[in-house]
Amino acid sequence: MHRPIYLDNHATTPVDERVLAAMLPYFGEHFGNPASINHVYGWEAEAAVKKSREILAEAINATPEEIVFTSGATEANNLAIKGVAEAYFQKGQHIITVATEHSAVLDPCQYLQTLGFEITILPVQKDGLIDLTDLEKAFRPDTILVSVMAANNEIGVLQPLAEIGAICREHDVIFHTDAAQAIGKIPLDVQAMQIDLMSLTAHKVYGPKGIGALYVRRRNPRVKLAPQQHGGGHERGMRSGTLYTPQIVGFGKAVEIALQTQATENQRLTQLRQRLWEILSQLEGVYLNGHPTQRLAGNLNISVEGVDGAALMLGLQPVMAVSSGSACSSATTAPSHVLTALGHSEQLAYASVRFGIGRFNTAEEIERVAEHTISTIQSLRKQKTLV
Ligand SMILES: *Cc1c(COP(=O)(O)O)cnc(C)c1O
């Protein structure tokens, strides 16, 4: 029995073996606490953490002091949003975000609403992009934060970060972006894009789960954050807790590899995605979700007319590991809030497939996936006309 072809690379990615190899010594011989300053065990661990911090900083054109390690992007988003809310509430209590954000952004915002903050949730256009004039109009004198994701985890859409950054700076409002799907996949530059806070995670870029980071701007302007976890004062007081050295080493290695291969890998993934779409789009009633080109290279998201969403997933399962909506919400039966935000009917939002093509997928796999998807849709439609 073959295991299904893994095409759920937006949910998580396998750890690259080079990443695992880099991590292993830090579970063994180099087990020290990076905060131990009096012996070699601590120094070794600290040196490894420092190296990863430098790699991450360089990847986004920040400085190492601006990287705060967290347990992942969920925690980074919570720290950014609640941390700003708590530090700036005297300046204002209004936050702007977008309907297609990950729940790790929307839920902290919703929580802040229960404390009295006001949240404006911007709609998206049919292609998943925000309308910048909507953003312009949403600012108020009491706006303290704008949170717009870099790359969407369901439809892969890339929001125009540099334009958003410029608008936020003009209004003197802090700009946070959730770049969990973007790090290592698209160029990110916190200076050129005028980003003040950026959430990152390792496990979407062939690194380990359980490690992420928040970039926190230190100059022009210096962003204040109220810590959400208190303790030993690690990470300059913004996130206490002993640093998880092996995961941090893996994070650095994963990003280093991704950046070395970013341009060529994006070309390869774009070709695979275009091939998949070329075949699937031959069927009638199959729609592309999200912008045709302004999207992650490995993302294809489709909605299918005239089939039941659950039956479609069941039919695809033996051959491929894909999901409908995001992994985080696929346990629920509600249609994806992202596809609903595109203006889809409930049927089209339900009957959707997210193909997340990644580093280890081959052209042969894509052919097999395309073929099986076509035959599954055809047989479901046929069954329907029989009953
Ligand atoms: C996966 C993901 C998250 C959550 O990241 P974790 O590291 O798993 O906590 C947040 N935002 C986006 C856009 C994601 O894709």
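What comes next concerns the included structure. Fair warning: this is a prediction, and the values are worked out from it, not measured in the lab.

Each pair of packed helices can be summarised by the angle the axes make with each other and by the distance between the axes. At their nearest, the axes of helix α8 (residues 309-316) and helix α11 (residues 363-386) sit 10 Å apart, and the two run at 135° to each other. Considering the angle they form, α8 stands oblique to α11. Remark: the crossing between α8 and α11 carries right-handed chirality. Contacts between α8 and α11 involve Ala311, Leu312, Gly315 and Leu316 from the first element and His372, Thr373, Thr376, Ile377 and Leu380 from the second.

Moving on to the site of the ligand. Close to the ligand lie Gly72, Ala73, Thr74, His102, Met149, Asn153, Asp178, Ala180, Gln181, Thr201, His203 and Lys204. One of the backbone N or O atoms of Ala73 is found 2.9 Å from an oxygen atom in the ligand. Contacts to the ligand include Thr201, whose side-chain N or O atom sits 2.6 Å from an oxygen atom. Considering the ligand on its own, with 380 Å² of exposed area, one finds that the protein chains cover 87% of that surface. Classifying every residue of the shell around the ligand gives 3 nonpolar, 7 polar and 2 charged.

Under the defined criterion, the tally for this structure stands at 14 salt bridges. Glu54 is the partner of Lys50 in a salt bridge, and the nearest nitrogen-oxygen pair spans 3.3 Å. Taken together, the positions of Lys50 and Glu54, both in helix α2 (residues 40-60) and 4 residues apart, correspond to about one turn of that helix. Residue Arg268 is joined to Glu265 by a salt bridge in which the shortest nitrogen-to-oxygen separation is 3.0 Å.

Calculation rules
Residues numbered from 1 in each chain as written. Predicted model: local features only at pLDDT ≥ 70, side-chain atom pairs only at ≥ 80, totals over all residues. Heavy atoms only, no water. Axes fitted to C-alpha atoms, helices over the stretch in contact; angles between N-to-C directions. Helix = DSSP H or I, 4+ residues; strand = E, 2+ residues; numbered from the N terminus. Parallel < 35°, antiparallel > 145°, perpendicular 65-115°, else oblique. Left-handed = near helix turned anticlockwise from the far one by under 90°. Contact = heavy atoms within 4.5 Å. Near = heavy atom within 4 Å. Polar contact = N/O pair within 3.5 Å; in protein donor to acceptor, adjacent residues only side chain to side chain. Areas by Shrake-Rupley, 256 points an atom, 1.4 Å probe, with all protein chains shown as cover. Nonpolar A, V, L, I, M, F, W, Y, C, P; charged D, E, K, R; others polar. Salt bridge = Lys/Arg side-chain N within 4 Å of Asp/Glu carboxyl O.

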